[in-house]
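Observations on the model geometry
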Amino acid sequence: MKKQTISFELTVFDSIEELNGKDMDLMQRALETREDAYAPYSNFMVGAAVLLDNGAIVIGNNQENASYPSGLCAERVAVFQASAKYPGVGIKSIAITARSTMHVVQKPAAPCGNCRQAISEYEYKQKSPIELLLMGEEGKVLKCNSLADILPLGFNKSYL
Ligand code: THU
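Residues numbered from 1 in each chain as written. Predicted model: local features only at pLDDT ≥ 70, side-chain atom pairs only at ≥ 80, totals over all residues. Heavy atoms only, no water.

**A word on the overall build of the protein**
Keep this limit in mind: Helix and strand definitions here come from DSSP, where helices need a minimum of 4 consecutive H or I residues and strands a minimum of 2 consecutive E residues; each element is numbered from the N-terminal end. Each residue is assigned to one of three classes by its accessible area relative to the maximum for its type, calculated with a 1.4 Å probe on protein chains only: buried under 20%, partly exposed between the two thresholds, exposed over 50%. In what follows, a contact means two residues having at least one pair of non-hydrogen atoms within 4.5 Å. We get accessible surface area from the Shrake-Rupley algorithm with a probe of 1.4 Å; when it comes to residues, only the shown protein chains can shield them. Working convention for charge: Lys and Arg count positive, Asp and Glu count negative, and His plus the chain ends are omitted. One atom stands in for each charge, and that atom is NZ of Lys, CZ of Arg, CG of Asp or CD of Glu.
Each helix and strand counted, the protein has 3 helices and 6 strands in total. Each helix (α) and strand (β) of the protein, taken in turn from the N terminus, gives the series β-α-β-β-α-β-α-β-β. Across its three principal axes, the protein shows a C-alpha extent of roughly 50 × 35 × 35 Å. Within the protein, buried positions represent 41% of all 160 residues. Taking all contacts inside the protein whose residues are at least 6 apart in sequence as the whole, residues at least 24 apart take part in 68%. For the protein, the exposed area adds up to about 8900 Å²; of that, 53% sits on carbon and sulfur atoms. A distance of 8 Å separates the average location of the 16 positive side-chain charges in the protein from that of its 18 negative side-chain charges.

**Structural notes on unusual backbone geometry**
Positive phi values are uncommon outside glycine, yet K127 reaches one of about 55°. Here K127 lies in the loop between α3 (113-126) and β5 (131-135). Residue K127 is classed as exposed on the basis of its relative accessible area, which comes to 75%.

**Brief notes about the site of the ligand**
How we decide: Nearness of a residue to a molecule or strand requires only that one of the residue's heavy atoms be within 4 Å of it. We call two N or O atoms a polar contact when they sit within 3.5 Å, provided that within protein one can donate a hydrogen and the other can accept it, with sequence-adjacent residues counted only if both atoms are side-chain atoms.
Around the ligand, a shell composed of S42, F44, V46, N62, E64, C73, A74, E75, A110, P111 and C112 is seen. At a separation of 2.9 Å, an oxygen atom of the ligand approaches a polar side-chain atom of N62. Contact distances for the ligand include 2.8 Å between a nitrogen atom and a side-chain N or O atom of E75. Burial of the ligand by the protein chains amounts to 74% of its free accessible area of 370 Å².

**Overview of the sheet that holds strand β6 (residues 141-144)**
Let me state the cut-off plainly: Pairing between strands is defined by DSSP: at least two bridges between the two strands are required. Axis definition: a line fitted to C-alpha atoms, limited for helices to the stretch in contact. Angles are taken between N-to-C directions and run from 0 to 180 degrees.
With respect to topology, 6 strands assemble into an open sheet ordered β1-β6-β5-β4-β2-β3, the strand pairing being mixed. Because the sheet does not close on itself, it has two edges, and the strands there are β1 (10-13) and β3 (57-61). The sheet shows a mean angle of 15° between the axes of neighbouring strands, direction not considered. Pairing analysis gives 9 bridges linking strand β2 (residues 44-52) to strand β4 (residues 91-100), with the strands arranged antiparallel. Pairing of G47 across the sheet is with T97, part of β4.

**What about α3?**
Our working definition: For a helix, the expected span equals 1.5 Å multiplied by the number of residues minus one.
Taking 1.5 Å as the rise per residue, α3 with 14 residues should run 20 Å; its terminal C-alpha atoms sit 20 Å apart, in good agreement. When we look at burial in α3, the residues that qualify are C115, R116, A118, I119, S120, Y122 and E123. Just downstream of α3, K127 is the residue with a positive phi angle, here 55°.

So this is what it looks like as structure tokens:
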């Protein structure tokens, strides 16, 4: 028997202003699309912008439904749309930001478990890391080097 530790390194920026130009542009797209979220039930609006290997940026925002489980998170709207529009094109990075109409979101919005699993499908398939940029309404911005970092011991098709 032995104990193992799983850890990962991430970069913490004090604000969006500290990001490099490319990352700032991507986060800007996420901020724009966040405003188009359809979130009448949670009032929690999320925007996601996916940068692809071909340079295209595909956006998504959360889409809620009166039958709550029928809604979908911004991240999955974005990555599914990216794969539908540009099948087989790799994903470089995804910028994600959230705001609420009820309170100020002061910490970076990390993808939910279902979205982590959905994004991990593409990361596993393309065999290269997908970077994540996470931001709330204000405060710090986190940059993760790979989706796998935030989904340790993940399930993928190698088990099937
Ligand atoms: N939401 C996202 O869009 N992304 C996440 O990673 C977390 C949650 C959405 C789903 C729902 O519309 C609202 O935020 C509140 O959970």
